[in-house]
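Descriptive analysis of the structure
Okay, here's what each chain looks like letter by letter:
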Amino acid sequence: MVKEYIEEMKNIALTKYLVLCVYCLMVIFSSHAFASNINVNMAFLTEKMPVPPALSNLDPILRDEGIQGAILGVKDNNTTGQFTGHHYDLKHIEVPVGDDVVVAFEKLLNDGYQYIIADVQASTLKKLSLLARANKALLFNVSSGSDELRNASCDANTFHMIPSDAMRADALAQLMLKKRWKNWFLVKGKDAKDHNFTQAIKRSAKRFGIKLVEEKTWNFDHDARRTAQAEIPVFTQGANYDVLVVADVKGLFGEYLTMNTWLPRPIIGTQGLVPRAWHRTHERWGAVQMQNRFYKQVGRWMNDVDYSSWLAVRVVGEAVTRAKSINSGEVKNFMLSDKFSLAGFKGVKLTFRDWNHQLRQPVLLATPRSIVSVLPHKEFLHPRTYLDTLGYDKPESNCELLKK
Amino acid sequence: MVFVTISFADTLYITLEKDNALAVVDGESGKLIKTVPLGQRPRGLAFSKDQALLYVAASDDDTIQILDVASLNIVGELPSGEDPELFRIHPNGQWLYVSNEDDNIVTVIDLQSKEAITEIAVGVEPEGIAVSHDGKWVVNTSETTNMVHWIDPADQTVKENTLVDPRPRAAEFSVDGQLLFVTSEIAGSLSRIDVLTKQVLSKLHFKIAGVDKELIQPVGVLAHPNNKTLFVALGPANRVAVVDIKTMAVTKYLLVGQRVWNLAFSPDLKRLYTTNGVSNDISIIDVESLKVTKSVRVGRYPWGIAVKAE
């Protein structure tokens, strides 16, 4: 059974806001006749996943990832909406572990939702994409970095707000190339996501002339927190290399590599220096305001999925405002036109790649308490835009969207 | 030895975002005279009508500091609300309009009583403020809502809104008051808006050979009193565009320091000064020949600039 639920707190916050908006409208437009309010209904679909074993109790398990970014986006859209006569509503559906997401999605489509943000796993998104296209709804992927979704399994009405694995791996490789740290030791986990990230790392290494001098799989399945000092030096002994790249998406062992390797080498990948869409230490280009607004609302820092969800809502807001239409076909055409651009606190305008609907965006390379660099650097030249040096470029992509 | 010059001496007051200080520079020689400590992250600044006081927004201290220009002592502060960045003073010398980015409001402060007299709700992340020379309009740009909000100072309410390109930053009225110019940082464009109808008449998209279009991010804009020329700071493109107001065409790009933010003229209009955030200097441009003559190191992250005739 699908549990339909909107968290009460959010509901209250949203309602409060609406009241405020009506108030604003009255104050600001007391002397002005204004176009009647047009409602834009959006939905946010969360597929609950089994919680992986926690490496430590340091980071709380988030129960409101993504949706909070979307709620903030709706607030921002509605502030604009009070001047344009649009009103945005957000419905949150959470599908418990083991339940059928497709059923929940179909219900949203039946209820007339045309703009649906999905925090679901890659295999689910593939199914939803077909339904979205058939129903002329726009689907926004805010959490899966799967390169398959941007290539063979791309779809006409699916838009990827979060950077792909390939974009993130390319960002790492570009910085390593700049630093001339071109010999990598790869340590990977056994999870399917680890495999995908490993594939992306290998593709980037090849693309930027980086050598994988050694590749090892972390096969230990015990909790390494007491034994890391003894095991990791032995595990990493052997080849000489410049940096150790780790592919441990769930964070089962990667954190223990730092300062425990046989040779004194930096760690990059899923731990150490990490490629991120958003990071709490990001403060340039007005990002501080975004960080503050989110923190004020939620009481924790924004993460990649929150940021991507905010972007998804803002994409719809921006396209509806400028295309002056709430028709999903017209909104989609506008999103893919050269008139569309979105400000996302990354110093450049964000636009969509027409060949696979990936949002073009810089990738932040962060350590736990600082941003080391924002990639790509403009020295990585590209005939279209230097942003397209990250991820699958038009000629490389086997997405058939432009031909479909 | 005595020199007689026809140009007026001027003093530049420059906020240093990272040094939490004010740099005082002699405009003609470009010499850094002194540096005065300020509050946290100082940005926008402006003189009182009689130029006896200097107001400086200390963004991270959530206040506007008041400096006595003669002594450069801090003599008071204004209740600016949170995170003040840019502000302008109404020609009546009494009202100061400041945007509060985190709260989506513009605060109006009475300079005599030093009290906030009203708050005006605007779009998300209000940024630039401009006041028309006749004092009839105050405009505010909102960076995430992407609008220009037209505030009528008579009753301090928003009367109209104009949608512009993404991330509008600074606004500037033409000298004759008929046009409003607004820079859009992310779109890399300049909008020319008719003040009467509040409609965008035309847009200029900046293009510089050899500079990636993503790096062209217009911020500060300054109108020359001749009502013919406009100067636009292009941020990380490290250039100032010279724009013909009538044709909305760029006549020249001037290479200045890195991350150019804001602009100001010398009182005799012979020199144009730019603050360059990343290269930590100011560029001095000869307005007649349109040549960059000098760059002066002033401190870390120079941001705002105000000029006073001596």
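What counts, and where the lines are drawn
- Residues numbered from 1 in each chain as written.
- Chains lettered and ligands numbered in written order.
- Predicted model: local features only at pLDDT ≥ 70, side-chain atom pairs only at ≥ 80, totals over all residues.
- Heavy atoms only, no water.
- Axes fitted to C-alpha atoms, helices over the stretch in contact; angles between N-to-C directions.
- Helix = DSSP H or I, 4+ residues; strand = E, 2+ residues; numbered from the N terminus.
- Parallel < 35°, antiparallel > 145°, perpendicular 65-115°, else oblique.
- Left-handed = near helix turned anticlockwise from the far one by under 90°.
- Contact = heavy atoms within 4.5 Å.
- Nonpolar A, V, L, I, M, F, W, Y, C, P; charged D, E, K, R; others polar.
- Expected span 1.5 Å × (residues − 1).
- Pairing = 2+ DSSP bridges.
- Patch = residues over 30% accessible without salt bridge, like charges linked within 9 Å, V, L, I, M, F, W, Y side chains within 5 Å.
- Areas by Shrake-Rupley, 256 points an atom, 1.4 Å probe, with all protein chains shown as cover.
- Salt bridge = Lys/Arg side-chain N within 4 Å of Asp/Glu carboxyl O.
- Lys, Arg positive; Asp, Glu negative; His and termini not counted.
- Charge placed at Lys NZ, Arg CZ, Asp CG, Glu CD.
- Buried < 20%, exposed > 50% of the residue type's maximum accessible area, 1.4 Å probe, protein only.
- Polar contact = N/O pair within 3.5 Å; in protein donor to acceptor, adjacent residues only side chain to side chain.
- Buried area = accessible area lost by both parts, 1.4 Å probe.
- Phe/Tyr/Trp six-rings, centres within 6.5 Å; stacked < 30°, edge-to-face > 60°.
- pLDDT = per-residue confidence, 0-100.
- Disulfide = S-S within 2.5 Å.

Moving on, we get to the packing of helix α5 (residues 165-179) of chain A against helix α6 (residues 192-207) of chain A. When two helices pack together, their arrangement is given by the angle between their axes and by how far apart the axes lie. Residue and element names in this part refer to chain A. α6 packs onto α5 with a crossing angle of 45° between their chain directions and a minimal axis gap of 8 Å. By the angle between their directions, the pair α5 and α6 is classed as oblique. Considering the relative orientation of α5 and α6, their crossing is right-handed. The residues of α6 that touch α5, namely those facing Asp165, Ala166, Arg168, Ala169, Asp170, Leu172 and Ala173, are Asn196, Phe197, Ala200, Ile201, Arg203, Ser204 and Arg207. For the contact of α5 with α6, the per-class residue count stands at 7 nonpolar, 2 polar and 5 charged.

This next bit is on helix α4 (residues 122-134) of chain A. Residue and element names in this part refer to chain A. Taking 1.5 Å per residue as the helical rise, α4 with its 13 residues ought to reach 18 Å, and the 19 Å between its terminal C-alpha atoms agrees with that figure. Buried residues belonging to α4 abut β1 (38-47), α3 (101-110), β3 (115-119), β4 (138-141) and β5 (158-160). Backbone geometry just downstream of α4 places Lys136 in the positive-phi region, at approximately 55°.

Residues and elements named next belong to chain B. Pairing is antiparallel across the open sheet formed by 4 strands, whose spatial order is β12-β13-β14-β15. The open sheet has two edge strands, β12 (126-131) and β15 (157-163), and neither has a second partner. Averaged over neighbouring strand pairs, the angle between their axes works out to 25° when direction is ignored. As paired strands, strand β14 (residues 147-152) and β15 are joined by 6 bridges and run antiparallel to one another. Residue Val148 lies in a different strand from β15, and its bridge partner there is Thr162.

All names here are of chain B. On the surface, Asp60, Asp61, Asp62, Glu77 and Glu82 cluster together into a patch of negative charge. Of note, Asp60 is situated in the loop between β5 (53-58) and β6 (63-68). You can call Asp60 partly exposed: its relative accessible area is 46%.

All names here are of chain A. Contact geometry of helix α9 (residues 304-323) with helix α10 (residues 328-336) gives a least axis separation of 9 Å together with a crossing angle of 100°. Between α9 and α10, the angle falls in the class roughly perpendicular. Between α9 and α10, the contacting residues are Val315, Ala319, Val320, Arg322 and Ala323 on the first element and Glu330, Val331, Phe334 and Met335 on the second. For the contact of α9 with α10, a count of residues per class yields 7 nonpolar, no polar and 2 charged.

What follows is about α6(A). One turn of an α-helix holds 3.6 residues; hence residues three or four places apart share an orientation. Residues and elements named next belong to chain A. In this model, α6 (16 residues) spans 23 Å end to end at C-alpha, consistent with the 22 Å of a helix rising 1.5 Å per residue. Those residues of α6 lying buried are Asp194, Phe197, Thr198, Ala200, Ile201, Arg203, Ser204 and Ala205. Of the surrounding elements, those touching the buried residues of α6 are α5, β6 (183-188), β7 (211-217), β8 (243-247) and β9 (267-269). The N-cap of α6, judged by a side-chain oxygen 2.9 Å from the amide nitrogen of Lys193 a few residues on, is Asp191. Among the residues trailing α6, Gly209 stands out with phi positive, at a value near 70°.

A word on the interface of chain A and chain B. Contacts between the two partners involve 33 residues from chain A, matched on the other side by 34 residues from chain B. Carbon and sulfur atoms make up 53% of the area that chain A and chain B hide from each other, which totals about 2700 Å². Counting the surface chain A buries against chain B, the share from its top three residues, Phe83(A), Gln289(A) and Arg322(A), is 21%. For the pair chain A and chain B, the interface holds 2 salt bridges. The partner of Lys296(A) in a salt bridge is Asp103(B), and the shortest N-O contact between them spans 3.5 Å. Summed over the shared surface of chain A and chain B, the result is 10 residue pairs in polar contact (both at pLDDT 80 or more). Among the elements that take part in the side of chain A that touches chain B, helix α2 (residues 67-84) of chain A stands out by supplying 6 residues, more than any other. Looking at the side of chain A that touches chain B, its residues break down into 11 nonpolar, 13 polar and 9 charged.

The next point concerns the packing of aromatic side chains. Residue and element names in this part refer to chain A. Under the counting rule described, the total for this entry stands at 17 aromatic pairs over all chains. Arranged with centres 6.4 Å apart and planes meeting at 75°, the rings of Trp278 and Phe345 form a pair that is edge-to-face. With a gap of 67 residues between them, Trp278 in the loop between β10 (274-276) and α8 (287-298) and Phe345 in the loop between β11 (342-343) and β12 (349-350) connect regions that are remote in the sequence. Taken individually, Trp278 and Phe345 each receive the classification buried, so the pair is uniform in this respect. Ring geometry for Phe334 against Phe340: centres 6.3 Å apart, planes inclined by 85°, an arrangement best described as edge-to-face. An identical accessibility class is assigned to Phe334 and Phe340; each is buried.

Residue and element names in this part refer to chain B. The element strand β18 (residues 189-194) is extensively covered by neighbouring structure, given that 6 of its 6 residues are classed as buried. Relative to β18, strand β17 (residues 179-184) is paired through 6 bridges, and the arrangement is antiparallel. Note that in β18 the partner of Leu180 across the bridge is Ile193. Linking β17 back to β18 in an antiparallel pair, the connection comprises 4 residues, with Gly188 at a positive phi of about 70°. With 5 bridges connecting them, β18 and strand β19 (residues 200-205) associate as antiparallel partners. Directly across from Arg192, in β19, lies its bridge partner Ser202.

Taken over all residues, the pLDDT of chain B has a mean of 94, while the share at 70 or more is 98%. Note on the complex model: pTM 0.83, ipTM 0.74.

Another point: the state of the cysteines. Residues and elements named next belong to chain A. Per the counting criterion, the structure on display carries 1 disulfide over all chains. With its sulfur 2.0 Å from that of its partner, Cys154 forms a disulfide with Cys399. Between Cys154 and Cys399, the disulfide has an S-S torsion of 90° and is therefore right-handed. Residue Cys154 is located in the loop between β4 and β5, and its partner Cys399 is located in the segment after β14 (370-375); the two are separated by 245 residues in the primary sequence. For Cys154, a relative accessible area of 3% puts it in the buried group. Among the residues examined, Cys399 registers a relative accessible area of 8% and is labelled buried.

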